[in-house]
Every structure is written in C-alpha cells, then in structure tokens.
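# Tertiary structure, described
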Amino acid sequence: MATLAAQSARVVGGRVLTLSAAAGGGDRAPVGDGLFVLIRNGSASSMTVTLDAPGLAFNATAVADTAVVVAAGAAVIVPLLRSYRSESDGLAGISYSLATSVTVAVVQV
C-alpha cells in the first residue's frame with residue numbers, strides 16, 4: 001500500500017502528470033476540495049476502483065463505498081471527497097479489483 005502525493009495542476013500551460021503503478025493491496029490518498037484521483041486502466045479487462053467510506057452514516061443509514069468501473073484502456077477521474085477521510089490517518093483508502101497495468105495519480109486543481 002502506497003500513499004499517493006497530490007500533484008498540482010494549477011500551472012499556466014498545464015502539467016505533465018507522473019502516474020504510479022497501482023498497489024495490489026490498495027493505495028492511500030489525501031482528500032479535500034480540488035483533489036481528484038486519476039486512474040488509467042492499461043489492461044485488456046475492465047476493473048473496479050473502490051473508495052472507502054469509513055464508517056459514515058446519514059440519518060442512521062450507512063453510506064456505501066464508492067465503486068467506479070474503468071473499462072479496458074480507459075481512464076477516469078474521481079473526486080477525493082472529505083467523506084472518504086479515514087479517522088486513523090486522514091487519508092482515503094483506494095482499492096483495485098485489478099492492479100496489473102493500472103496507473104494512478106492524485107491531481108490538485
């Protein structure tokens with residue numbers, strides 16, 4: 001499990017992002033306004049990325065984790081909302097159904 005650092009995209013002309021290999025045991029990432037996780041699936045199969053909603057409840061009903069399907073060869077960007085913040089370390093837990101050929105980056109805009 002790796003902790004992903006945010007890369008700022010707030011530069012004139014844009015920025016080349018450095019994507020890291022998705023960790024088989026999942027990753028951790030900062031949460032908050034303007035933070036997103038970019039997931040690129042380079043494999044030949046679709047995969048699911050899950051962001052943990054640690055112990056959240058609304059009107060006494062548990063809030064489900066967020067699962068996003070990423071098609072083969074596709075990329076998605078998902079906001080890293082404060083609701084994904086873990087009480088233990090303040091980071092979001094991100095897991096992957098498939099980590100082979102999957103790369104990720106945390107982007108701050």
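Bear in mind that the values here come from a model prediction, so they are computed numbers and not experimental data.

Before going further, it helps to spend a moment on the sheet that holds strand β6 (residues 47-51). If you trace the five strands from one edge of the open sheet to the other, you get β1-β4-β11-β6-β9, paired in mixed fashion. Two strands close off the open sheet at either side, each with one partner strand: β1 (2-3) and β9 (66-70). Bridge analysis of β1 against strand β4 (residues 27-29) gives two bridges, and the strand direction is parallel. Across the sheet, the residue bridging to Thr 3 is Arg 28, located in β4.

Any two side chains of opposite charge can pair, given that their charged atoms come close. Overall, the coordinates contain three salt bridges when judged by the stated rule. Here Arg 85 and Glu 87 are joined by a salt bridge, their closest N and O atoms 3.7 Å apart. By relative accessible area, which is 38% here, Arg 85 ends up partly exposed.

Rules of the game
Residues numbered from 1 in each chain as written. Predicted model: local features only at pLDDT ≥ 70, side-chain atom pairs only at ≥ 80, totals over all residues. Heavy atoms only, no water. Pairing = 2+ DSSP bridges. Helix = DSSP H or I, 4+ residues; strand = E, 2+ residues; numbered from the N terminus. Salt bridge = Lys/Arg side-chain N within 4 Å of Asp/Glu carboxyl O. Buried < 20%, exposed > 50% of the residue type's maximum accessible area, 1.4 Å probe, protein only.

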